[in-house]
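The lines below spell out each chain.
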Amino acid sequence: MSNFWDDAEVQKAATSGSYIKFTDEGDTKSGVIEQLGTRVFDEGTVKERTAIEITYQDGSVLTAGQVKLMQVLVELRPAYGDHIEITLGRIEKRGNKTLKHWIVTHTNSDGELFTIDQTAEG
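In this numbering scheme, every chain counts its residues from 1 along its sequence in written order. Per-residue local features are limited, in this predicted model, to residues with pLDDT of at least 70; the limit for side-chain atom pairs, both in listing and counting, is 80 or more; totals at the level of whole chains, interfaces and linings are taken over all residues. Hydrogens and water are ignored here; the side-chain numbers use all heavy atoms of the structure.

Caption draft 1: Quick look at the environment of Phe22. Note on conventions: DSSP H or I runs of at least 4 residues are helices, E runs of at least 2 residues are strands, and numbering of each starts at the N terminus. Secondary-structure assignment places Phe22 in the loop between helix 1 (8-15) and strand 1 (28-41). Working definition: with a 1.4 Å probe on protein chains only, accessible area under 20% of the residue-type maximum means buried, over 50% means exposed, and in between means partly exposed. Owing to a relative accessible area of 10%, Phe22 belongs among the buried residues under this scheme. C-alpha of Phe22 to C-alpha of Lys100: the two residues are 78 residues apart in sequence and 9.6 Å apart in space. Any two residues having at least one pair of non-hydrogen atoms within 4.5 Å are treated as being in contact. Ignoring sequence-local partners within four residues, the contact set of Phe22 consists of Asp27, Thr28, Lys29, Leu62, Ile86, Leu88, Lys100 and Trp102.

Caption draft 2: Expanded view of the sheet that holds strand 2 (residues 49-56). Two strands form a pair only when DSSP identifies at least two bridges running between them. Taken together, the six strands give an open sheet; going across it, the order is 3-2-1-4-5-6, and neighbouring strands pair in antiparallel fashion. The open sheet has two free edges, formed respectively by strand 3 (61-64) and strand 6 (113-117), since each of these has just one partner strand. Looking at each pair of strands side by side, their axes are set apart by 30 degrees on average, direction ignored. Here strand 1 pairs with strand 2 via eight bridges, running antiparallel. Residue pairing across strands places Thr38 opposite Ile52, the latter belonging to strand 2. The angle between two axes is taken between their N-to-C directions and runs from 0 to 180 degrees, where each axis is a line fitted to C-alpha atoms and a helix contributes only its stretch in contact. Helix-sheet contacts for helix 2 (residues 67-76) involve strand 2, strand 3, strand 4 (83-94), strand 5 (97-107) and strand 6, and the interaxial angle to strand 5 is about 20 degrees.

Caption draft 3: Layout of the pairing of strand 4. Sheet topology places strand 1 next to strand 4; five bridges connect them, and they run antiparallel. Paired with Lys29 across the two strands is Ile86, which belongs to strand 4. In this antiparallel pair of consecutive strands, strand 4 and strand 5, the connection spans two residues, and Gly95 shows a positive phi of 65 degrees.

Caption draft 4: Inspection of the layout of surface pockets at higher detail. Of the pockets and cavities examined, the largest pocket occupies roughly 200 Å³. Considering every element that reaches the lining of the largest pocket, the biggest residue donor is strand 3, with three residues. Only protein atoms enter the 1 Å grid, on which a cavity is a set of points fitting a 1.4 Å probe that cannot get out and a pocket is an open set with protein on both sides within 12 Å along at least 5 of 7 lines, lining residues being those with an atom within 4 Å of a point. Grid points are joined across faces, edges and corners, and a volume is the space filled by probe spheres set on the points.

Caption draft 5: View of the side chain of Gln118. With respect to the helices and strands, Gln118 occurs in the segment after strand 6. Leave out the neighbours within four places in its chain, and Gln118 touches Lys68, Val72, Arg90, Lys100, His101 and Trp102.

Caption draft 6: Spatial organisation of the packing of aromatic side chains. What counts as a ring pair is set by centres within 6.5 Å for rings of Phe, Tyr and Trp (its six-membered ring), and what kind of pair is set by the plane angle: stacked under 30 degrees, edge-to-face over 60, tilted for all other angles. The tally for this structure, following the rule as stated, stands at one aromatic pair. Each ring, one from Phe22 and one from Trp102, has its centre 5.2 Å from the other, and the planes form 90 degrees; the classification is edge-to-face. Residue Phe22 is found in the loop between helix 1 and strand 1, and its partner Trp102 is found in strand 5; the two are separated by 80 residues along the sequence. Given a relative accessible area of 1%, Trp102 falls into the buried group.

Caption draft 7: Spotlight on the nonpolar core. The criterion is simple. A nonpolar core is a set of buried Ala, Val, Leu, Ile, Met, Phe, Trp, Tyr and Cys residues joined through side-chain atoms within 4.5 Å. Leu73, Ile86 and Val104 are the most contacted members of the largest nonpolar core, which has 18 residues in total. For this core, the elements supplying multiple residues, two or more each, are strand 2, strand 3, helix 2, strand 4 and strand 5. Looking at which element gives the most residues to this core, the answer is helix 2, with five residues. Among residues more than four places away in sequence, those in contact with Ile86 are Phe22, Asp27, Thr28, Lys29, Ile54, Tyr56, Leu62, Leu69, Leu73, Trp102, Ile103 and Val104.

Limitation: the analysis is restricted to geometry and does not speak to function.
Listed below in structure tokens is the structure:
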């Protein structure tokens, strides 16, 4: 019987460097979109949580689970082959909660540039 910790999927999750982390203001990821999808998280609560996943051409993966970032992505509607730059613009502490404000720049296949900057919001 194999050990849980030797399972290939567990090992892959522990060593995968392809997921993008935004921890500090100014952290940025820029590139061309290779794939769009969703990821469902079952965190043991009554309701599952769905996040948007963007895979860049370099193989890195952005999992957008924060509501404010998902709202921007839904508004901009980036597509395969589009260029997108996502920056953690500001981190706001509200009691025991953390609210992240984003700056997202999207260039579509027609070369049109769109930017949404949440850092000026209250």
